[in-house]
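Here is how the chains run, residue by residue.
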Amino acid sequence: AQKITQTQPGMFVQEKEAVTLDCTYDTSDQSYGLFWYKQPSSGEMIFLIYQGSYDEQNATEGRYSLNFQKARKSANLVISASQLGDSAMYFCAMREGSTGGFKTIFGAGTRLFVKA
Amino acid sequence: DAGVTQSPTHLIKTRGQQVTLRCSPISGHKSVSWYQQVLGQGPQFIFQYYEKEERGRGNFPDRFSARQFPNYSSELNVNALLLGDSALYLCASSPTVGLAEETQYFGPGTRLLVL
């Protein structure tokens, strides 16, 4: 079964508008971390934002915010005031495990296109 | 401060050959993880190393192996290369063995093409 599901293969957004990228996850762990990464065409994975499973407040980092709904197991990324440079692949990821070792599981990604 | 570095940036090999990829973590980071990203997919976890010990392994065959050195740098080895091993190989570092909330920082990757 998919542990991280990103149902939007591609999304278009007009420059300066907000966009939401969907992510649902599946885990039986009580403690886990949720991350969003941006991957431009160069290939490097750029960390954007983190949400801990025990965090009650939604995480925010500049123009990025994470809409965390624990009961629904969703962790959607909201990008406000989109810029042309936001065009890239976006990956939702979950970190789970124990103190013996953790692994990060990625979704299939959503390609975002920002239109001028 | 330097980020995660990987070498080489690109590599072309033929089937059956062996390849070694290298990664240097961020200064002060003791954990290194390796991921394989096939074109059009998300990264897949291969290994995590911490303090020179393997702490996690993904669903990859024994052709894949890795090690970590005292300076926390790491090598990923792949033997008997197959066409399907063509991918972007990403290395990520984090300060410790990892807590759920610990962020991993990725290097630029090594693009491997197997002909």
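Basis of the calculations
- All residue numbers refer to positions counted from 1 along the written sequence of the respective chain.
- Chain A is the first chain written and ligand 1 is the first ligand written, with later ones labelled in order.
- Local features in this predicted model are restricted to residues of pLDDT 70 or higher, and side-chain atom pairs are both shown and tallied only at a pLDDT of 80 or more, whereas totals for entire chains, interfaces and linings draw on every residue.
- Computation of side-chain values covers all heavy atoms of the structure but excludes hydrogens and water.
- Two strands qualify as a pair provided DSSP detects at least 2 bridges between them.
- Secondary structure elements follow DSSP: runs of H or I no shorter than four residues count as helices, runs of E no shorter than two count as strands, and numbering proceeds from the N terminus.
- Within the patch definition used here, like charges are joined within 9 Å and nonpolar side chains (Val, Leu, Ile, Met, Phe, Trp, Tyr) within 5 Å, considering only residues with over 30% relative accessible area and no salt bridge.
- Accessibility throughout is a Shrake-Rupley quantity obtained with a 1.4 Å probe, and a residue counts as covered only by protein chains that appear here.
- The term salt bridge refers to a side-chain nitrogen of Lys or Arg lying within 4 Å of a carboxyl oxygen of Asp or Glu.
- The cut-offs for exposure are 20% and 50% of the maximum accessible area for each residue type, with area from a 1.4 Å probe on protein chains only; residues under the lower value are buried, those over the upper are exposed, and the others partly exposed.
- Stacked, edge-to-face and tilted are the three classes for Phe, Tyr and Trp ring pairs, Trp counted by its six-membered ring, which pair at centre distances within 6.5 Å; planes under 30 degrees apart are stacked, over 60 edge-to-face, the rest tilted.
- The definition of a nonpolar core used throughout is a set of buried Ala, Val, Leu, Ile, Met, Phe, Trp, Tyr and Cys residues joined through side-chain atoms within 4.5 Å.
- Contacts were defined at the residue level, with two residues in contact if any of their heavy atoms lie within 4.5 Å.
- In this description, a disulfide is simply a cysteine sulfur pair whose atoms lie within 2.5 Å.
- Orientation is described by lines fitted to C-alpha atoms, with helices fitted over the stretch in contact, and by angles between N-to-C directions that extend from 0 to 180 degrees.

Novice: Where do I start with the pairing of strand E6 (residues 46-52) of chain A in this structure?
Specialist: Where a strand is regular, its side chains alternate between the two sheet faces. With 6 bridges connecting them, strand E5 (residues 33-39) of chain A and E6 of chain A associate as antiparallel partners. Its bridge partner being in E6 of chain A, Gly33 of chain A is matched across the sheet by Gly52 of chain A.

Novice: Hey, could you run me through a nonpolar patch on the surface in this one?
Specialist: All names here are of chain B. A cluster of nonpolar residues, Ile12, Leu113 and Leu115, forms a patch on the protein surface that exposes about 300 Å² of accessible area. You can see Leu115 is positioned in the segment after strand E11 (110-114). Classification of Leu115 by relative accessible area gives exposed; the value is 54%.

Novice: What's the story with the packing of aromatic side chains in this structure? I'm lost.
Specialist: What characterises a pair of aromatic rings is the spacing of the ring centres plus the angle enclosed by the ring planes. Scanning the entire structure with this criterion turns up 16 aromatic pairs over all chains. Both rings, one in Phe106 of chain A and one in Tyr35 of chain B, keep their centres 5.7 Å apart while their planes meet at 85°; by these two values the pair is edge-to-face. In this pair, Phe106 of chain A is assigned in strand E11 (residues 101-106) and Tyr35 of chain B in strand E4 (residues 31-37), connecting two distinct chains. Accessibility classification places Phe106 of chain A together with Tyr35 of chain B in one group, the buried group. Their ring planes at 75° and their centres at 6.0 Å tell us that Phe106 of chain A and Phe106 of chain B sit as a pair that is edge-to-face. Taken together, the residues span two chains, with Phe106 of chain A in strand E11 and Phe106 of chain B in strand E10 (residues 105-106). Judged by its relative accessible area of 7%, Phe106 of chain A is buried. Given a relative accessible area of 4%, Phe106 of chain B falls into the buried group.

Novice: Quick question: what am I supposed to make of the nonpolar core here?
Specialist: One recurring pattern in soluble globular proteins is that nonpolar side chains are buried together. By size, the foremost hydrophobic cluster in this structure holds 26 residues, and its most contacted members are Leu21, Trp36, Ile49, Leu77, Tyr90 and Leu112 of chain A. Contributing elements (two or more residues each) for this core: strand E2 (10-14), strand E3 (19-21), E5, E6, strand E8 (64-69), strand E9 (74-79), strand E10 (88-98) and strand E12 (110-115) of chain A. Of all the elements, E10 of chain A adds the most residues to this core, at 4 residues. Ignoring sequence-local partners within four residues, the contact set of Tyr90 of chain A consists of Gln6, Leu21, Trp36, Tyr37, Lys38, Leu48, Leu77, Ile79, Gly109, Thr110 and Leu112 of chain A. In terms of nonpolar packing, the next biggest core, distinct from the first, is built from 22 residues, Phe47, Phe60, Leu76 and Val114 of chain B among them.

Novice: Any chance you could explain the state of the cysteines here in plain terms?
Specialist: By definition, a disulfide links the sulfur atoms of two cysteine residues through a covalent bond. Residue and element names in this part refer to chain B. With the rule as written, the count across this model stands at 2 disulfides over all chains. Between Cys23 and Cys91 runs a disulfide, and the two sulfur atoms are separated by 1.8 Å. As the torsion about the S-S bond is roughly -60°, the Cys23-Cys91 disulfide counts as left-handed. With Cys23 in strand E3 (residues 19-24) and Cys91 in strand E9 (residues 87-94), this residue pair connects regions lying 68 residues apart in the sequence.

Novice: Help me understand the pattern of salt bridges, please; the structure alone is not making it clear to me.
Specialist: Opposite charge on two side chains makes pairing possible when the charged atoms of those side chains draw close. Residues and elements named next belong to chain B. Tallied over the entire structure, the rule returns 9 salt bridges over all chains. Between Glu54 and Arg57 there is a salt bridge whose closest N-O contact spans 3.9 Å. You can call Arg57 partly exposed: its relative accessible area is 35%. Asp62 is paired through a salt bridge with Arg57; the nearest N and O atoms lie 3.6 Å apart. With relative accessibility at 68%, the residue Asp62 sits in the exposed group. One salt-bridge network, in which partners are shared between bridges, spans Arg22, Arg67 and Glu75.

Novice: Looking at this model, I keep getting lost on the sheet that holds strand E7 (residues 64-68) of chain B. Mind explaining?
Specialist: Strands in a sheet are paired, the pairing made by backbone hydrogen bonds, and the direction either parallel or antiparallel. Residue and element names in this part refer to chain B. Pairing within the open sheet is antiparallel, and its 4 strands lie in the order E1-E3-E8-E7. Because the sheet does not close on itself, it has two edges, and the strands there are strand E1 (5-7) and E7. Each adjacent strand pair in this sheet contributes to an overall mean axis angle of 15°, direction not counted. Relative to strand E8 (residues 74-78), E7 is paired through 5 bridges, and the arrangement is antiparallel. From the neighbouring strand, Gln68 faces E8, where its bridge partner is Ser74.

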